[in-house]
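Listed below are the residues making up each chain.
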Amino acid sequence: MKIFKHALAFSFALSAGVISDAIALELYVDTETKQIFAEPGPGRVLLGTFVKAEDIPPKTETPKVLPAPSQTSAESSRKTESAELAPIRKNQTTEVADKAANESLANQVSVLEERVKEVEKVHMDFDDRGLHFKTKDGNFSFAVNGRIQPAAEYNFINEPNPPIGSNTPNELNSGATIRRARLGVEGTFFKVWDYKLEYDFSRGNGTVAAGITDAFVRFNHTDALSYKIGSFKEPFSLEEAASNRFLTFIERHMAVNSFIDNPNVYKTGIGVNYAVPRWQTGIAFQTEPIGAGNSANTSVNANGNQNRNNGSGDTGWTAIGRITGRPWMEDDTKFLHVGISAGHTTVNTQFRADGTMVGEGSTSGGGGMSFVGFLGTNVDRTNVLNTGNLSNGALTDPNRRQITSFDRYGAESWLVYGPFAAQAEFLRTNINGVGYDNEHLTGYYGFVSYFLTGESKAYHVRNGAANRIKPKKPFHWNLSGLGAWEVAAGYDFIDMNSGVIRGGRASMFRFALNWYPHSNVKLQNNMVYLLDIDTSGTPTTDTRGYSGGAGARTHGWDNGSFAAFLSQITVDF
């Protein structure tokens, strides 16, 4: 009997051990896949301790004997233990579920944070340079830029000579126009490369080719040294290097317009620029402009350089450069800028099989070159000064003339002393070719300006020219700020009479009152007053290759009188 009791106790102990092992089974849940595992691992959270029902041994029948006191005590202890463990297991399950939910929430927050970081990699900003987008690492940027310049002109003295024959009136016309309407994009890629593409909807009467201004890619070797290829401005002249947004007067001076701007300063080629705060230099090797529409294009096609076929001949080429410096400089509001420019340009003239010139009777198309000028006006920019085509006559004509190249030289100075500034330039163009002997065209200008509100002229280091004016107190309707106010006055002279060339000579006085309510808005009011004009020897309509209508009108302004009031609003970004 004693042996039976010991066996029965051993059997109960063995069953308790199996049940204990079943209860001790721990399960883990993967917080991402929600799978159940019997072992711990990365991303797994303890779910709890569980018993499999099928693993619990079935109850066995035992002889009906009075249980020993120890057996009754053990069973009672187990029941008590099970009752005590039930709420603990429930609490453990609740805690595990809460922990899993918290882990899931944390994962979702982490994902959102990563997405926010992705969004923050591109930063958008709007300032006086326009709307800019830039990646956080600085490798890429993109900006939209543009400008619009509504303009008006009123000619209150307008007294040329009367027209002759069937020619139209010689007077210049008052009116209004959109002087420029440009839209472009610019930016950087991989930090050291940048690009710019700009289109002027008012340039060349809106033709696609003539409307393109800047279209280049630039490699910035260092902060100071850069190389570019594409369509860009010739590096020549202080006033030409400045954007038209930052000019003191509405229009550039006559010599700058005639020798640089009118032939289309935007030419296709390669260039190198080196600029530090104290000095700057730029050199370029360029061909003709992208499209047709002016005397700088020698193609016989309407699309100009877009398609040089039908016997257009080779394009003309330009080697040109400019070097400037600030030998005296206290700071960016007190300095003296000086510089020189030089360039050599070849000119193409095409002839037919019979020896006649392709461009006979025109100022462009088929070769040659003409230099023209207008009287500082911004709406009616009729070429009151005009050399006519400097290539004219057939190859068999002993008196023919053919321009083969021209050389340009320039000297510049600019003094800024606080609100006061003085600027001057001298330019000369030498004409080379058949029938020419040291003929040259010259021009110069000078003016002074003063900011009544205390601002100073700003300096663009890379361009070596004027930059954006930022008012000390931008205009506000409550008059807490009046913006920047500037007055300027100057003299302008050009002489295109030299040797056999008769393009005219003129001088004028200019006055300006400029208001800058904000750094991106400028209202200009100018007055131009013609002091003297001599067009007595200019070409009129004939068979020597000169433009008849334009030549006759130029001739009609000899000793004329003219004065005009000009206004223009510039809004740019």
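Structure's up top.
The rules behind each value
Residues numbered from 1 in each chain as written. Predicted model: local features only at pLDDT ≥ 70, side-chain atom pairs only at ≥ 80, totals over all residues. Heavy atoms only, no water. Helix = DSSP H or I, 4+ residues; strand = E, 2+ residues; numbered from the N terminus. Phe/Tyr/Trp six-rings, centres within 6.5 Å; stacked < 30°, edge-to-face > 60°. Buried < 20%, exposed > 50% of the residue type's maximum accessible area, 1.4 Å probe, protein only. Patch = residues over 30% accessible without salt bridge, like charges linked within 9 Å, V, L, I, M, F, W, Y side chains within 5 Å. Areas by Shrake-Rupley, 256 points an atom, 1.4 Å probe, with all protein chains shown as cover. Salt bridge = Lys/Arg side-chain N within 4 Å of Asp/Glu carboxyl O. Core = buried A, V, L, I, M, F, W, Y, C linked by side-chain atoms within 4.5 Å. Contact = heavy atoms within 4.5 Å. Polar contact = N/O pair within 3.5 Å; in protein donor to acceptor, adjacent residues only side chain to side chain. Pairing = 2+ DSSP bridges.

*Asks:* How would you sum up the environment of Phe-156? Please name residues and give values.
*Replies:* Inspection of the secondary structure puts Phe-156 in strand E6 (residues 140–159). For Phe-156 and Ala-564, which are 408 residues apart along the polypeptide, the C-alpha to C-alpha distance reads 5.6 Å.

*Asks:* I'd like a rundown of the packing of aromatic side chains, residues and numbers included.
*Replies:* On inspection of all chains with the given rule, the structure shows 25 aromatic pairs. An angle of 45° between the planes, with centres 6.0 Å apart, marks the rings of Phe-451 and Tyr-516 as tilted. You can see Phe-451 sitting in strand E19 (residues 440–451) and its partner Tyr-516 sitting in strand E23 (residues 501–518), a full 65 residues away along the chain. Both residues of the pair, Phe-451 and Tyr-516, belong to the buried class. One aromatic cluster in this structure is built from Phe-140, Phe-189, Phe-190, Trp-193, Tyr-195, Phe-219 and Tyr-227.

*Asks:* Lay out the environment of Asp-125 in plain terms, naming residues and giving numbers.
*Replies:* As for its placement among the helices and strands, Asp-125 is situated in strand E4 (residues 122–127). Through-space distance from the C-alpha of Asp-125 to that of Ala-143 is 9.5 Å; in sequence the pair is 18 residues apart.

*Asks:* An account of a nonpolar patch on the surface is needed here, citing residue identities and associated values.
*Replies:* Taken together, the side chains of Phe-140, Phe-190, Val-192, Trp-193, Val-217, Ile-229, Ile-270, Phe-285 and Trp-317 make up a nonpolar region of the molecular surface, amounting to roughly 820 Å² of accessible area. Relative to the elements of secondary structure, Val-192 occurs in the loop between strand E7 (175–189) and strand E8 (193–200).

*Asks:* Can you lay out helix H4 (residues 254–261) for me, pointing to particular residues and giving the numbers?
*Replies:* One turn of an α-helix holds 3.6 residues; hence residues three or four places apart share an orientation. For H4, the buried fraction is high: 8 of the 8 residues fall into the buried class. Among the residues making up H4, those that are buried are Met-254, Ala-255, Val-256, Asn-257, Ser-258, Phe-259, Ile-260 and Asp-261.

*Asks:* Give me the nonpolar core: which residues, what numbers.
*Replies:* Ranked by internal contacts, the top residues of the largest apolar core, which has 44 residues, are Phe-259, Phe-371, Leu-375, Ile-431 and Phe-562. Counting only elements with at least two residues in this core, the list comes to H4, strand E17 (402–417), strand E18 (420–434), E19, strand E22 (484–498), E23, strand E24 (521–534) and strand E25 (561–572). With 5 residues, H4 is the largest single contributor of residues to this core. The residues contacting Phe-259, other than those within four sequence positions of it, are Phe-371, Arg-408, Leu-427, Thr-429, Leu-441, Thr-442, Gly-443, Ile-494 and Met-496. Leu-238, Ala-241, Phe-246 and Tyr-459 belong to the second-largest nonpolar core, a separate cluster that totals 12 residues.

*Asks:* Explain the side chain of Thr-213 to me, using residue names and the numbers behind them.
*Replies:* Tracing the sequence through the fold places Thr-213 in strand E9 (residues 212–220). Separated by 2.7 Å, the side chains of Thr-213 and Glu-198 make a polar contact. With sequence-adjacent residues up to four places away left out, Thr-213 is seen in contact with Arg-182, Glu-198, Tyr-199, Asp-200, Arg-203, Ser-231 and Tyr-266.

*Asks:* Describe the pairing of E7, and please don't skip the residues or the numbers.
*Replies:* Across 14 bridges, the pairing between E6 and E7 is antiparallel. Bridge assignment links Ala-143 to a residue of E7, and that residue is Glu-186. Pairing of E7 with E8, which is carried by 8 bridges, proceeds in the antiparallel orientation. Following the sheet pairing, Gly-184 is matched in E8 by Glu-198.

*Asks:* Give a description of the environment of Ser-391 that names residues and reports values.
*Replies:* Checked against the element boundaries, Ser-391 lands in the loop between strand E16 (385–386) and E17. Sequence separation between Ser-391 and Met-369 is 22 residues, and the spatial gap between their C-alpha atoms is 6.8 Å. With residues near it in sequence (within four places) discarded, Ser-391 still touches Thr-349, Met-357, Gly-368, Arg-401, Gln-402 and Ile-403. In this structure the side chain of Ser-391 is engaged in a polar contact, spanning 3.1 Å, whose partner is the side chain of Thr-349.

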